[in-house]
Structures are given as C-alpha cells and as structure tokens.
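# Architecture and fold: a report
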Amino acid sequence: MSETSSGQATDAIRHADILIVGGGLSGTMLAAQLLRLPGKRSMLVIEPRAELGRGEAYSAVELGHTLNGNAARMSVDPDNADDLTQWLTDHITAGGWPESDQQHVPVSQLFPPRGLFGVYVQQRLAEAQVAGTLQGSTVEHVRAEVVDLQTRDDSVLLTLSDGQRLQGAYAVLATGLFPAARTPQTESSGLNAAALDPWDVAAMRQLDPQSTVLIIGSGLTMVDAVVSLEQAGHRGPIEVFSRHGLLPQRRRQPPAWADFLDADHSLRTPRQLVRELRRHCRDAIAQGVDWQAPLDTVRAHVGRLWSQATDAQRRQFVRHVRPWWESHHHRSPPLSAELIELLHGEGRLRIQAASFKGLEPASNGAVRIRIRRRGEVETVVVSGAALINSSGIEYDWRRVARPLPQQLLARGLIKPGPLALGIAAQADGAVLAADGQAAQRLFAMGPPLRGIWWESTAVTEVCSQAKALAARLVS
Ligand SMILES: Cc1cc2nc3c(=O)[nH]c(=O)nc-3n(C[C@H](O)[C@H](O)[C@H](O)COP(=O)(O)OP(=O)(O)OC[C@H]3O[C@@H](n4cnc5c(N)ncnc54)[C@H](O)[C@@H]3O)c2cc1C
C-alpha cells in the first residue's frame, strides 16, 4: 500500500519514468524514439484501443481507405524518407498486399491502405522494443482512458477510467484528434447517434442501395465515406453539404519547384503569401508545370509562418484562406478522387454550399436535417435514408466532452492555444498552464498543438515532433 498526498491509503500506484497519454501514431512513435535513445527508462502508454499505433486513422480495415500521400511521403523515420518504401517493398515481396499491383506504379508512389500503415507502425515499435530491451528500457500498453491528471513538484499522477493510478516523472498528452460536433440545435450526441460512421461499411450494407444518403462536410472524411458507400454496394444519390462546397483536389506527383519562401523571409502576411503563391502557380501553369509543385513547397514553412504571425493575421488566414488551404493542400488519394469525379460526373454525387443547422424529427428510419444554402436567408429541410457526419475535427478543448480535457482545464493545468486551437505550449511541447507558466513535467505533441504550428497532424509532422520531444525528455 502507498499513500496519496491527502493521506488516503490506496492500492499501489504504478510508477514509470514517462507516461504517454494516447497510443495513436504520436504516442507510439514517441515511445519508439525513446526506446532507441541511450539510457534506461520505463514507459507506459495509456490507450483504450486494443492496439497501439493505430488511432482512428490507422484502424481502417477497408483497402480503399488509403493514405492521402504516397509511400515516399509517409515515412515514420525523420532520418530516412525511404523507410516506408523499403518496408512496403519487403512486405509486398513476402506476398503481402497483393492488390498493390493494381496501382501500376513503383512502390514509392503507392498509396497504401491505412490499416497496412498501422502494421508498419507497429512493426517499427516492435523493433524499437527489441533495441530498448538491450539497454533495459521498456514500454507497456495500459488499456484504459486517462480521466484525470495532477502535477506535483517531482511527478505527474494519472487517474484511469478503471480506477488505476499511475505516477511518472513526465507525462505527454498525445491525445490526437477529437471529432467535431457542429450541432447548433442539438447535443453533439444527437447528431452522432443519428449518423452512420463514415468507415462502417457493414452498417452501410444495411441501407437500401438506391436510397439517398446525406453527408455533412466535404473534406477527406467525406471522401472516405463515399468509398465506404461504394464498397457497401450503395448506388443511390449522395448529397454533400459543406459551408463552401469545395471538394479536396486530387493528389498528383508534381515535380520540384524553387522554394520561394525559403528565398524570401519577408513574405509573412496571409495576403502577401496568397499573392505570391498565386503568382508561382500561374507561372507554373504557363510553363506547363503542375500548380501543385509550388504549393508543395509551402508546407515546410507553415510552422514558422504561423508561429510568427499575429493573432489578427492568423484570424485573417482562418477566415479567408483556410477553406482553400484545406481543399488544395489536404488532397485526395488518386483512386478515391477518381471515384468522386466519376460519381460527380454521373450526377449521383451532388455537392452544395450550405451550412448544417440541426437535426429535425423524422420517422420510419429516415433522417431529416435543416440546412441553409450559401447566400440564402431561409433554411430548408432535406431528408434521406441515412446521414454521415464528416464535419471534421473539434480543436477547441473547451468543447471536447471528454473527462481529461475538462479536468485539465478545471485544474488550470492547460489553457487554450492561439485562436482556441488545441492547447497552449512552448515550441518544445511544454504545456502552458492557465497562469501562463510552462510546465516542467507535462508535454504535448501532435494535433493538440494545432494552435502553435497550424499543421501538426500529418504523419511527417508528428514523427518529427516525436523525435524532438524524445530528445527533450531525455535531456
Ligand atoms: C481518418 C483519418 C485519416 C487520416 N489520414 C491521414 C493520412 O493519410 N496521412 C496523414 O499524414 N495523416 C492522416 N491523418 C492524420 C492523423 O491524425 C495523423 O496521421 C495521426 O493519426 C495522428 O496521430 P495521433 O496519435 O496524434 O492521434 P490519433 O490517431 O487521434 O490517436 C490519439 C489516441 O489517443 C487516445 N486518447 C485520447 N484521449 C485519451 C485519454 N484521455 N486517455 C487515453 N488515451 C486517449 C485515442 O484513443 C487515440 O487512439 C488522418 C486522420 C484521420 C482521422
């Protein structure tokens, strides 16, 4: 038995050097990096899912739910851009993923299923565990949700959903993405209860194949949902509603383009950036080069530009540029894009610029939603046999109805990040408390740092952060 600070006797508290909250790609890659660094350390990764390394993104089971970048862009090793290509080459040679030959491209240009990417992540973790064992380092998966967190001078204490308590020298919030609940008139649970999971092909098989399906949101989750419907044999109309009515662009393989932002650091404001980027895109098109080439040079500078910007400039970006940034930058994998283009061309998939205003009562298993079309004052009700909510991510932790974000806010251990996107932190990931003090023992990585870096979600970003944070924790 041990004692808490309040003097209450408890069953033993488990101890570890580092507690990682969340075992998606971020938490798993952080553990892998820590296992490979010199020195001996124990780590616990607390994750309610059955497997580490998957999270929502890489728990996908359908082959059609692929990465949105090719193998050459999705290495988890920041020191080896070819790591995924090499792993895939071995995997395919050994008889894995036989369908890959349908893409007719070299391995580096394949878009692997996300579920297979999860296997790759797990294998890299297993290899790091072997390397870590040689120096006495360990990592263990604790299957539970962290519901509370307290900091002490010399440690961090976690309370889990099953009542267990864990104590560590450091804790890292690798809690990933929380689904959006844009439901002005209803509780978030109302919309989510009425909606089908965008990845649940089995549930979609229960629909009448000729029925109308409504989808809220037109980003990459909508693309996945359409792939799921197709896989389930759905052949009826699909009505997509999103504020701007923009579809994700198809990802191509553009050639290299001069890094104009590297050459000119005076370009800072959203207006200057957009003007300059448009100029480069026009130049590219005039030279017969894909406009995606200049756009792809911007990614490396996004963190610097966002962190240097004032809040007013950030707001300007979010308000005026974000919809175009999302649809042009977060592009659709080619096979999914082909399907969307085909259905759009056939008139089976319609996209409308309209905002979702709420659920309406419905009977006989139908769904009815109220929308307001762009430019119109009146709202209208549309109905269908099923509804899919693909309206994105909730980055404002004050609106995330999970115990841990609420407890951290209530305890003043975190505060909202810039523009209420994620949580506030230093560049090294040390979390800022409500009073602005940087935590000594509490860190964050990945999507919770959206407000610090703007782009803090994709594979390459979280894997680079994992490497830097591991070095920081060990130092
Ligand atoms: C459907 C989908 C597809 C994507 N596709 C791509 C892609 O093709 N390419 C790309 O670069 N990026 C993609 N992304 C972005 C993707 O989010 C990142 O690549 C990566 O998954 C982020 O990893 P993460 O571990 O930070 O977050 P997540 O994958 O969200 O994992 C966080 C984990 O934390 C756990 N957790 C949360 N709260 C707690 C708690 N209190 N206690 C314990 N555990 C907790 C959750 O259960 C979850 O498993 C995709 C994202 C989604 C949702």
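Provided above is the structure to which this section pertains.
Predicted, not measured: the structure shown is a model, and the values here were computed from it.

## A few points about the packing of aromatic side chains
Inspection of every chain in the model, using the stated rule, returns 9 aromatic pairs. Arranged with centres 5.7 Å apart and planes meeting at 90 degrees, the rings of phenylalanine 178 and tryptophan 397 form a pair that is edge-to-face. You can see phenylalanine 178 sitting in the loop between strand 8 (165-173) and helix 4 (188-194) and its partner tryptophan 397 sitting in the loop between strand 14 (386-389) and helix 13 (403-410), a full 219 residues away along the chain. For tryptophan 397, a relative accessible area of 3% corresponds to the buried category.

## Side note on the sheet that holds strand 9 (residues 213-216)
Whenever strands of a sheet pair, they do so through backbone hydrogen bonds, lying parallel or antiparallel. A sheet is described by the order of its strands in space; here 6 strands give the open sequence 13-12-11-10-9-14, paired in mixed fashion. Each edge of the open sheet carries a strand with a single partner, namely strand 13 (380-384) and strand 14. Ignoring strand direction, the axes of neighbouring strands in this sheet form an average angle of 45 degrees. Taken together, the 4 bridges between strand 9 and strand 10 (residues 238-242) define a ladder with parallel strand orientation. Each bridged residue has a counterpart across the sheet, and for leucine 214 the counterpart in strand 10 is glutamate 239.

## Concerning the packing of helix 1 (residues 25-36) against helix 3 (residues 114-134)
In contact at an axis separation of 8 Å, helix 1 and helix 3 are set at 25 degrees when each is read in the N-to-C sense. When the axis of helix 1 is compared with that of helix 3, the two are roughly parallel. For the pair helix 1 and helix 3, the sense of crossing is left-handed. Across the interface between the two elements, Leu25, Thr28, Met29, Ala31, Ala32, Leu35 and Arg36 of helix 1 pack against Phe117, Val121, Arg124, Leu125, Glu127, Ala128, Gln129, Ala131 and Gly132 of helix 3. Class assignment of the residues belonging to the contact of helix 1 with helix 3 gives a composition of 10 nonpolar, 3 polar and 3 charged.

## Re the nonpolar core
Grouped together as the largest cluster of nonpolar side chains are 41 residues, with contacts concentrated most on Leu25, Leu30, Val76, Leu84 and Phe117. Going through the elements one at a time, strand 3 (14-21), helix 1, strand 4 (42-46), helix 2 (83-93), helix 3 and helix 15 (459-474) are the ones with two or more residues in this core. With 29 residues, the next largest nonpolar core counts Ala16, Val156, Val400 and Ala444 among its residues.

The rules behind these values
Residues numbered from 1 in each chain as written. Predicted model: local features only at pLDDT ≥ 70, side-chain atom pairs only at ≥ 80, totals over all residues. Heavy atoms only, no water. Phe/Tyr/Trp six-rings, centres within 6.5 Å; stacked < 30°, edge-to-face > 60°. Helix = DSSP H or I, 4+ residues; strand = E, 2+ residues; numbered from the N terminus. Buried < 20%, exposed > 50% of the residue type's maximum accessible area, 1.4 Å probe, protein only. Pairing = 2+ DSSP bridges. Axes fitted to C-alpha atoms, helices over the stretch in contact; angles between N-to-C directions. Parallel < 35°, antiparallel > 145°, perpendicular 65-115°, else oblique. Left-handed = near helix turned anticlockwise from the far one by under 90°. Contact = heavy atoms within 4.5 Å. Nonpolar A, V, L, I, M, F, W, Y, C, P; charged D, E, K, R; others polar. Core = buried A, V, L, I, M, F, W, Y, C linked by side-chain atoms within 4.5 Å.

Shape is all these values report; function is a separate question.
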